[in-house]
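# Structural overview for review
Next come the chains, spelled out residue by residue.
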Amino acid sequence: MIIKEVTMRKMKMSLKDPFTTSFGTFQDKDFLLLEAKDELGNTGWGESVAFHSPWYSEETLETNLHMIKDFLLPLVLGKEIGHPDEVNELFSAIRRNNMAKSTIEGAIWDLYAKRNKLTLAEALGGKQEKIEVGISIGIDEDMDRLVETVRGFIEEGYKRIKVKIKPGFDVEVMRELRRNFPDVPMMADANSAYTLEDVDLLKQLDEFNLTMIEQPLASDDIIDHATLQKQLETPICLDESIHSLEDTRKAVELGSTKIINIKIGRVGGLTESKKIHDYCMEHGIPVWCGGMLESGIGRAHNVALTTLPNFILPGDTAGSSRYWEQDIISPEVIVEDGYITVPTGYGIGYEPDLEAIDQFTVETMHFKAE
Ligand SMILES: O=C(O)CCC(=O)c1ccccc1C(=O)O
Ligand SMILES: [Mg+2]
(Lines give C-alpha, C1' and ligand atoms only; values in the text may rest on other atoms or scores of the structure.)
(Ligands and ions follow the chains in the order given, each with its own letter.)
Protein backbone atom coordinates (compact mmCIF):
# COMPACT_ATOMS: atom_id res chain seq x y z
CA MET A 1 0.00 0.00 0.00
CA ILE A 2 1.09 3.57 -0.61
CA ILE A 3 0.02 6.34 1.76
CA LYS A 4 -1.06 9.14 -0.56
CA GLU A 5 -2.80 11.59 1.76
CA VAL A 6 -3.06 12.34 5.44
CA THR A 7 -5.56 14.53 7.24
CA MET A 8 -4.78 15.62 10.77
CA ARG A 9 -7.24 17.17 13.12
CA LYS A 10 -6.68 18.98 16.38
CA MET A 11 -9.60 17.93 18.57
CA LYS A 12 -11.13 19.23 21.76
CA MET A 13 -13.61 17.16 23.72
CA SER A 14 -14.78 17.57 27.28
CA LEU A 15 -14.87 14.76 29.84
CA LYS A 16 -18.20 14.22 31.62
CA ASP A 17 -16.40 14.55 34.96
CA PRO A 18 -12.93 15.81 35.85
CA PHE A 19 -10.35 13.01 36.23
CA THR A 20 -7.66 13.55 38.89
CA THR A 21 -4.36 11.71 39.19
CA SER A 22 -1.38 12.32 41.51
CA PHE A 23 0.05 14.63 38.82
CA GLY A 24 -2.98 16.73 37.84
CA THR A 25 -6.62 16.99 36.79
CA PHE A 26 -8.06 16.48 33.32
CA GLN A 27 -11.33 18.11 32.23
CA ASP A 28 -10.83 19.06 28.59
CA LYS A 29 -9.25 16.46 26.37
CA ASP A 30 -7.17 17.96 23.55
CA PHE A 31 -5.72 15.45 21.13
CA LEU A 32 -4.82 14.72 17.51
CA LEU A 33 -6.68 12.48 15.11
CA LEU A 34 -4.99 11.25 11.98
CA GLU A 35 -6.65 9.82 8.89
CA ALA A 36 -4.46 8.15 6.26
CA LYS A 37 -5.59 7.35 2.71
CA ASP A 38 -3.95 4.86 0.35
CA GLU A 39 -3.74 4.77 -3.47
CA LEU A 40 -7.01 2.80 -3.67
CA GLY A 41 -8.98 5.21 -1.50
CA ASN A 42 -9.01 3.07 1.67
CA THR A 43 -8.69 5.05 4.85
CA GLY A 44 -7.39 4.29 8.34
CA TRP A 45 -7.60 6.23 11.58
CA GLY A 46 -5.19 6.81 14.44
CA GLU A 47 -5.33 8.84 17.65
CA SER A 48 -2.48 10.52 19.50
CA VAL A 49 -2.76 9.78 23.21
CA ALA A 50 -0.42 12.65 24.12
CA PHE A 51 -2.09 15.08 26.49
CA HIS A 52 -2.17 18.86 26.31
CA SER A 53 0.51 19.15 29.01
CA PRO A 54 3.66 17.03 29.64
CA TRP A 55 2.56 15.57 32.98
CA TYR A 56 2.27 11.89 32.23
CA SER A 57 5.25 11.90 29.87
CA GLU A 58 7.27 14.50 27.98
CA GLU A 59 5.09 14.29 24.86
CA THR A 60 2.27 16.77 24.25
CA LEU A 61 -0.24 17.40 21.49
CA GLU A 62 2.01 20.12 20.08
CA THR A 63 5.23 18.06 20.20
CA ASN A 64 3.32 15.28 18.44
CA LEU A 65 2.10 17.68 15.79
CA HIS A 66 5.66 18.90 15.22
CA MET A 67 7.12 15.39 15.04
CA ILE A 68 4.40 14.08 12.76
CA LYS A 69 4.46 17.02 10.38
CA ASP A 70 8.17 17.69 10.20
CA PHE A 71 9.78 14.28 10.70
CA LEU A 72 7.47 11.27 10.62
CA LEU A 73 5.05 11.88 7.76
CA PRO A 74 7.90 12.57 5.29
CA LEU A 75 9.18 9.06 6.10
CA VAL A 76 5.93 7.32 5.11
CA LEU A 77 4.12 9.49 2.55
CA GLY A 78 4.44 8.00 -0.93
CA LYS A 79 6.44 4.95 0.30
CA GLU A 80 5.45 1.42 -0.60
CA ILE A 81 4.53 -0.31 2.66
CA GLY A 82 3.89 -4.07 2.57
CA HIS A 83 2.89 -4.53 6.20
CA PRO A 84 2.37 -2.15 9.15
CA ASP A 85 5.28 -3.82 10.98
CA GLU A 86 7.52 -1.92 8.54
CA VAL A 87 6.40 1.48 9.83
CA ASN A 88 8.51 1.19 12.98
CA GLU A 89 11.54 0.46 10.82
CA LEU A 90 10.86 3.55 8.69
CA PHE A 91 10.83 5.55 11.95
CA SER A 92 13.95 3.94 13.41
CA ALA A 93 16.19 7.00 12.91
CA ILE A 94 13.88 9.09 15.10
CA ARG A 95 14.43 8.69 18.83
CA ARG A 96 11.49 8.20 21.23
CA ASN A 97 8.42 10.37 20.49
CA ASN A 98 6.49 7.13 20.72
CA MET A 99 3.01 8.63 20.92
CA ALA A 100 3.64 10.61 17.75
CA LYS A 101 4.90 7.47 15.94
CA SER A 102 1.98 5.44 17.21
CA THR A 103 -0.55 7.92 15.82
CA ILE A 104 0.59 7.21 12.26
CA GLU A 105 1.30 3.53 12.82
CA GLY A 106 -2.19 3.00 14.26
CA ALA A 107 -3.83 4.62 11.23
CA ILE A 108 -1.75 2.40 8.92
CA TRP A 109 -2.74 -0.74 10.85
CA ASP A 110 -6.42 0.19 10.50
CA LEU A 111 -5.94 0.94 6.81
CA TYR A 112 -4.05 -2.33 6.24
CA ALA A 113 -6.76 -4.35 7.97
CA LYS A 114 -9.53 -2.69 5.93
CA ARG A 115 -7.62 -3.10 2.70
CA ASN A 116 -7.22 -6.82 3.41
CA LYS A 117 -10.80 -7.28 4.66
CA LEU A 118 -9.73 -8.19 8.18
CA THR A 119 -10.72 -6.89 11.56
CA LEU A 120 -7.85 -5.10 13.26
CA ALA A 121 -7.94 -7.85 15.89
CA GLU A 122 -7.50 -10.52 13.18
CA ALA A 123 -4.70 -8.53 11.55
CA LEU A 124 -2.93 -8.53 14.93
CA GLY A 125 -3.55 -12.23 15.48
CA GLY A 126 -6.08 -11.72 18.30
CA LYS A 127 -8.69 -14.38 18.98
CA GLN A 128 -10.79 -13.27 21.96
CA GLU A 129 -14.32 -12.35 20.90
CA LYS A 130 -15.14 -10.62 24.17
CA ILE A 131 -12.73 -8.73 26.36
CA GLU A 132 -12.94 -8.20 30.09
CA VAL A 133 -12.73 -4.61 31.29
CA GLY A 134 -12.09 -2.74 34.49
CA ILE A 135 -12.32 0.93 35.28
CA SER A 136 -9.88 3.57 36.50
CA ILE A 137 -11.25 6.02 39.04
CA GLY A 138 -9.62 9.37 39.77
CA ILE A 139 -8.78 10.89 43.14
CA ASP A 140 -11.83 12.22 44.99
CA GLU A 141 -11.15 13.55 48.48
CA ASP A 142 -14.84 13.12 49.37
CA MET A 143 -14.63 9.55 50.65
CA ASP A 144 -18.39 8.92 50.77
CA ARG A 145 -18.77 10.07 47.20
CA LEU A 146 -15.80 7.92 46.12
CA VAL A 147 -17.39 4.85 47.70
CA GLU A 148 -20.64 5.57 45.86
CA THR A 149 -18.78 6.10 42.57
CA VAL A 150 -17.04 2.75 42.99
CA ARG A 151 -20.34 1.08 43.93
CA GLY A 152 -21.97 2.45 40.77
CA PHE A 153 -19.25 1.06 38.50
CA ILE A 154 -19.31 -2.33 40.24
CA GLU A 155 -23.06 -2.41 39.67
CA GLU A 156 -22.47 -1.58 35.99
CA GLY A 157 -20.42 -4.78 35.90
CA TYR A 158 -16.82 -3.57 35.68
CA LYS A 159 -14.55 -6.51 36.52
CA ARG A 160 -11.89 -4.66 38.46
CA ILE A 161 -11.66 -1.34 40.20
CA LYS A 162 -8.53 0.77 39.95
CA VAL A 163 -8.20 3.79 42.18
CA LYS A 164 -5.66 6.56 41.89
CA ILE A 165 -3.61 7.19 45.02
CA LYS A 166 -1.11 9.85 46.13
CA PRO A 167 0.66 10.69 49.40
CA GLY A 168 -2.04 11.50 51.94
CA PHE A 169 -4.68 9.68 49.89
CA ASP A 170 -3.64 6.05 50.05
CA VAL A 171 -3.73 3.54 52.92
CA GLU A 172 -6.90 4.80 54.59
CA VAL A 173 -8.66 5.14 51.25
CA MET A 174 -7.86 1.57 50.26
CA ARG A 175 -8.87 0.36 53.72
CA GLU A 176 -12.25 2.05 53.41
CA LEU A 177 -12.82 0.72 49.89
CA ARG A 178 -11.83 -2.81 50.95
CA ARG A 179 -14.19 -2.59 53.93
CA ASN A 180 -17.06 -1.69 51.58
CA PHE A 181 -16.12 -4.07 48.77
CA PRO A 182 -14.32 -7.05 50.30
CA ASP A 183 -14.37 -9.32 47.23
CA VAL A 184 -13.95 -7.05 44.23
CA PRO A 185 -10.63 -7.23 42.38
CA MET A 186 -9.03 -3.92 43.26
CA MET A 187 -5.76 -2.13 42.54
CA ALA A 188 -4.10 1.24 43.11
CA ASP A 189 -2.24 3.48 40.63
CA ALA A 190 0.23 5.98 42.11
CA ASN A 191 1.50 7.53 38.86
CA SER A 192 5.02 7.83 40.33
CA ALA A 193 4.02 9.75 43.47
CA TYR A 194 6.30 7.86 45.92
CA THR A 195 9.98 7.14 46.57
CA LEU A 196 11.84 4.39 48.41
CA GLU A 197 11.50 6.50 51.56
CA ASP A 198 7.84 5.47 51.52
CA VAL A 199 8.51 1.71 51.70
CA ASP A 200 6.88 1.34 55.12
CA LEU A 201 3.75 3.11 53.96
CA LEU A 202 3.55 1.11 50.73
CA LYS A 203 3.97 -2.13 52.70
CA GLN A 204 0.76 -1.30 54.56
CA LEU A 205 -1.10 -1.75 51.26
CA ASP A 206 -0.27 -5.48 51.37
CA GLU A 207 -3.10 -5.85 53.87
CA PHE A 208 -5.77 -5.17 51.25
CA ASN A 209 -5.14 -8.02 48.85
CA LEU A 210 -4.72 -5.74 45.83
CA THR A 211 -4.25 -7.35 42.42
CA MET A 212 -1.31 -4.99 41.94
CA ILE A 213 0.09 -1.56 42.63
CA GLU A 214 0.77 0.41 39.47
CA GLN A 215 3.86 2.62 39.04
CA PRO A 216 4.51 3.56 42.66
CA LEU A 217 7.98 5.06 42.02
CA ALA A 218 9.61 7.43 39.53
CA SER A 219 8.40 7.45 35.94
CA ASP A 220 11.90 6.70 34.63
CA ASP A 221 12.86 4.08 37.21
CA ILE A 222 13.32 0.33 37.02
CA ILE A 223 15.99 -0.06 39.73
CA ASP A 224 14.15 1.20 42.81
CA HIS A 225 11.04 -0.70 41.75
CA ALA A 226 13.08 -3.93 41.99
CA THR A 227 14.20 -2.98 45.49
CA LEU A 228 10.61 -2.18 46.45
CA GLN A 229 9.18 -5.37 44.95
CA LYS A 230 11.47 -7.47 47.18
CA GLN A 231 9.78 -5.90 50.22
CA LEU A 232 6.17 -5.98 48.96
CA GLU A 233 3.80 -8.90 48.64
CA THR A 234 1.54 -6.96 46.28
CA PRO A 235 2.75 -7.33 42.68
CA ILE A 236 4.13 -4.17 41.08
CA CYS A 237 2.87 -3.28 37.60
CA LEU A 238 4.88 -0.80 35.54
CA ASP A 239 3.18 1.78 33.34
CA GLU A 240 5.21 5.00 32.81
CA SER A 241 8.62 3.24 32.93
CA ILE A 242 7.98 0.96 29.94
CA HIS A 243 8.55 2.39 26.45
CA SER A 244 9.66 -0.67 24.51
CA LEU A 245 10.28 -4.40 24.43
CA GLU A 246 13.83 -3.67 25.65
CA ASP A 247 12.52 -1.76 28.69
CA THR A 248 10.18 -4.67 29.37
CA ARG A 249 12.96 -7.25 29.17
CA LYS A 250 15.21 -5.27 31.51
CA ALA A 251 12.44 -4.63 34.07
CA VAL A 252 11.41 -8.29 34.05
CA GLU A 253 15.01 -9.50 34.36
CA LEU A 254 15.60 -7.14 37.29
CA GLY A 255 12.41 -8.20 39.04
CA SER A 256 11.03 -4.65 38.94
CA THR A 257 7.60 -5.71 37.72
CA LYS A 258 5.35 -8.77 37.75
CA ILE A 259 2.67 -7.39 35.45
CA ILE A 260 2.86 -4.98 32.52
CA ASN A 261 0.37 -2.27 31.57
CA ILE A 262 0.64 -1.95 27.78
CA LYS A 263 -0.35 1.42 26.34
CA ILE A 264 -0.06 1.45 22.58
CA GLY A 265 0.99 5.11 22.40
CA ARG A 266 3.58 4.90 25.16
CA VAL A 267 5.42 2.02 23.45
CA GLY A 268 5.28 3.47 19.93
CA GLY A 269 2.49 1.46 18.38
CA LEU A 270 0.75 -1.84 17.86
CA THR A 271 3.78 -3.68 16.47
CA GLU A 272 5.84 -2.94 19.61
CA SER A 273 2.79 -3.69 21.81
CA LYS A 274 2.54 -7.11 20.22
CA LYS A 275 6.26 -7.77 20.78
CA ILE A 276 5.91 -6.85 24.46
CA HIS A 277 2.81 -9.04 24.70
CA ASP A 278 4.66 -12.01 23.17
CA TYR A 279 7.71 -11.58 25.39
CA CYS A 280 5.56 -11.35 28.51
CA MET A 281 3.59 -14.41 27.50
CA GLU A 282 6.79 -16.43 27.14
CA HIS A 283 7.96 -15.24 30.56
CA GLY A 284 4.76 -15.75 32.52
CA ILE A 285 4.08 -12.03 32.96
CA PRO A 286 0.38 -11.17 32.57
CA VAL A 287 -0.43 -7.96 30.67
CA TRP A 288 -3.43 -5.66 30.44
CA CYS A 289 -4.30 -2.69 28.28
CA GLY A 290 -3.98 0.74 29.88
CA GLY A 291 -5.97 3.80 28.92
CA MET A 292 -5.24 7.46 28.19
CA LEU A 293 -8.82 8.78 28.35
CA GLU A 294 -9.04 8.08 24.62
CA SER A 295 -11.83 8.98 22.26
CA GLY A 296 -13.52 6.12 20.46
CA ILE A 297 -10.78 5.90 17.82
CA GLY A 298 -7.96 5.18 20.26
CA ARG A 299 -10.32 3.06 22.36
CA ALA A 300 -11.08 0.87 19.33
CA HIS A 301 -7.35 0.20 18.87
CA ASN A 302 -7.13 -0.78 22.55
CA VAL A 303 -10.06 -3.19 22.15
CA ALA A 304 -8.40 -4.86 19.14
CA LEU A 305 -5.06 -5.25 20.93
CA THR A 306 -6.74 -6.75 23.98
CA THR A 307 -7.91 -9.75 21.91
CA LEU A 308 -4.37 -11.22 22.12
CA PRO A 309 -4.15 -14.21 24.47
CA ASN A 310 -1.90 -12.86 27.24
CA PHE A 311 -4.27 -9.98 28.04
CA ILE A 312 -5.50 -11.96 31.03
CA LEU A 313 -6.23 -9.09 33.39
CA PRO A 314 -9.08 -6.61 32.80
CA GLY A 315 -7.90 -3.39 31.12
CA ASP A 316 -8.73 0.29 31.65
CA THR A 317 -10.69 0.27 28.40
CA ALA A 318 -14.03 1.37 29.86
CA GLY A 319 -17.06 2.14 27.70
CA SER A 320 -17.48 5.44 25.83
CA SER A 321 -20.20 6.56 28.24
CA ARG A 322 -17.74 6.58 31.15
CA TYR A 323 -15.97 9.53 29.50
CA TRP A 324 -18.15 11.29 26.94
CA GLU A 325 -21.68 12.62 26.46
CA GLN A 326 -21.07 11.81 22.83
CA ASP A 327 -18.19 9.80 21.40
CA ILE A 328 -16.88 10.13 17.84
CA ILE A 329 -17.49 6.58 16.64
CA SER A 330 -20.62 4.68 15.75
CA PRO A 331 -21.61 2.56 17.52
CA GLU A 332 -19.95 3.74 20.72
CA VAL A 333 -17.90 1.27 22.80
CA ILE A 334 -20.39 -0.49 25.04
CA VAL A 335 -19.61 -2.45 28.19
CA GLU A 336 -22.10 -5.12 29.21
CA ASP A 337 -21.56 -7.13 32.37
CA GLY A 338 -17.93 -6.04 32.32
CA TYR A 339 -17.30 -7.21 28.75
CA ILE A 340 -16.84 -5.47 25.42
CA THR A 341 -17.88 -7.55 22.44
CA VAL A 342 -15.14 -7.14 19.86
CA PRO A 343 -16.62 -5.62 16.68
CA THR A 344 -16.64 -7.68 13.50
CA GLY A 345 -16.38 -4.87 10.93
CA TYR A 346 -13.10 -4.49 9.04
CA GLY A 347 -10.29 -2.44 10.56
CA ILE A 348 -11.06 -0.90 13.96
CA GLY A 349 -14.63 -2.07 13.43
CA TYR A 350 -16.32 1.12 14.63
CA GLU A 351 -17.26 3.79 12.07
CA PRO A 352 -15.74 7.24 12.66
CA ASP A 353 -18.75 9.57 13.11
CA LEU A 354 -17.73 12.38 10.78
CA GLU A 355 -20.41 14.75 12.01
CA ALA A 356 -19.34 14.33 15.62
CA ILE A 357 -15.70 14.57 14.58
CA ASP A 358 -16.39 17.89 12.82
CA GLN A 359 -18.16 19.16 15.87
CA PHE A 360 -15.06 18.63 18.05
CA THR A 361 -12.47 19.69 15.44
CA VAL A 362 -10.47 22.81 16.25
CA GLU A 363 -8.17 22.75 13.21
CA THR A 364 -7.68 20.55 10.14
CA MET A 365 -4.43 20.01 8.25
CA HIS A 366 -3.83 18.17 4.95
CA PHE A 367 -0.67 16.47 3.71
CA LYS A 368 -0.09 14.80 0.34
CA ALA A 369 2.58 12.57 -1.15
CA GLU A 370 4.57 14.48 -3.79
O1 LIG B 1 -9.63 5.31 31.78
C2 LIG B 1 -8.52 5.47 31.25
O3 LIG B 1 -8.38 5.77 30.06
C4 LIG B 1 -7.29 5.28 32.11
C5 LIG B 1 -7.14 6.38 33.10
C6 LIG B 1 -5.80 6.38 33.77
O7 LIG B 1 -5.61 5.61 34.69
C8 LIG B 1 -4.83 7.38 33.34
C9 LIG B 1 -5.35 8.55 32.81
C10 LIG B 1 -4.52 9.57 32.43
C11 LIG B 1 -3.15 9.42 32.54
C12 LIG B 1 -2.62 8.25 33.06
C13 LIG B 1 -3.45 7.21 33.45
C14 LIG B 1 -2.79 5.95 33.94
O15 LIG B 1 -3.15 4.82 33.63
O16 LIG B 1 -1.79 6.06 34.63
MG1 LIG C 1 -1.07 4.19 35.18
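Per an unreviewed UniProt entry, the recorded name for the chain is o-succinylbenzoate synthase, and the organism is Sporosarcina ureilytica. Its UniProt record gives the chain the following Catalytic activity (unreviewed entry) comment, quoted word for word: "(1R,6R)-6-hydroxy-2-succinyl-cyclohexa-2,4-diene-1-carboxylate = 2-succinylbenzoate + H2O". According to its UniProt record, the chain has this under Sequence similarities (unreviewed entry): "Belongs to the mandelate racemase/muconate lactonizing enzyme family. MenC type 2 subfamily."

Per the secondary structure count, the chain includes 12 helices and 15 strands. In summary, the chain has a C-alpha radius of gyration of 20 Å against a globular reference of 21 Å for 370 residues, a match within 12%. For the C-alpha atoms alone, the extent of the chain along its principal axes is close to 60 × 40 × 35 Å. Here the chain, with 370 residues, has 60% of them falling under the buried criterion. Restricting the contact set of the chain to residue pairs at least 6 apart, pairs at least 24 apart contribute 72%. Taken as a whole, the chain presents about 14900 Å² of accessible surface, with 48% of it coming from carbon and sulfur. Of the side-chain charges in the chain, 39 are positive and 64 negative, and the distance between the mean point of each set is 3 Å.

Pairing within the open sheet is antiparallel, and its 4 strands lie in the order β3-β2-β1-β15. Among the strands making up the open sheet, the edge pair consists of β3 (43-47) and β15 (361-368). Pairs of neighbouring strands in the sheet enclose a mean axial angle of 20°, with direction left out of account. As paired strands, strand β2 (residues 24-38) and β3 are joined by 5 bridges and run antiparallel to one another.

Before going further, it helps to examine the UniProt feature "binding site: Mg(2+)" (unreviewed entry) in the chain. Feature annotation in UniProt places "binding site: Mg(2+)" (unreviewed entry) on Asp189, Glu214 and Asp239, given in this structure's numbering. In terms of the greatest pairwise C-alpha distance, the residues named above, spread along 51 residues, form a tight cluster of at most 9.2 Å across. Beyond its immediate chain neighbours, meaning those up to four positions away, glutamate 214 contacts Lys162, Met187, Ala188, Asp189, Ala190, Asn191, Cys237, Asp239, Asn261 and Trp288. A distance of 2.9 Å separates a polar atom in the side chain of glutamate 214 from a polar atom in the side chain of lysine 162. Topologically, aspartate 239 is positioned in the loop between β9 (236-238) and α9 (245-254).

Those protein atoms acting as donors to the magnesium ion (ligand 2) are Asp189 (OD), Glu214 (OE) and Asp239 (OD), and they sit at 2.1 to 2.3 Å. Spacing between the donor residues of the magnesium ion (ligand 2) along their common chain follows D-x24-E-x24-D. Placement of aspartate 189 in strand β7 (residues 186-189) and of aspartate 239 in the loop between β9 and α9 is noted, with a sequence separation of 50 residues between them. Residue aspartate 239 is classed as buried on the basis of its relative accessible area, which comes to 0%.

Cut-off values and rules
- Residues numbered from 1 in each chain as written.
- Chains lettered and ligands numbered in written order.
- Predicted model: local features only at pLDDT ≥ 70, side-chain atom pairs only at ≥ 80, totals over all residues.
- Heavy atoms only, no water.
- UniProt positions renumbered as here; feature names shortened; annotations may be inferred.
- Helix = DSSP H or I, 4+ residues; strand = E, 2+ residues; numbered from the N terminus.
- Rg over C-alpha atoms; globule rule 2.2 N^0.38 Å.
- Buried < 20%, exposed > 50% of the residue type's maximum accessible area, 1.4 Å probe, protein only.
- Contact = heavy atoms within 4.5 Å.
- Areas by Shrake-Rupley, 256 points an atom, 1.4 Å probe, with all protein chains shown as cover.
- Lys, Arg positive; Asp, Glu negative; His and termini not counted.
- Charge placed at Lys NZ, Arg CZ, Asp CG, Glu CD.
- Pairing = 2+ DSSP bridges.
- Axes fitted to C-alpha atoms, helices over the stretch in contact; angles between N-to-C directions.
- Polar contact = N/O pair within 3.5 Å; in protein donor to acceptor, adjacent residues only side chain to side chain.
- Donors = N, O, S within 2.8 Å, 3.2 Å for Na, K, Ca; no water.

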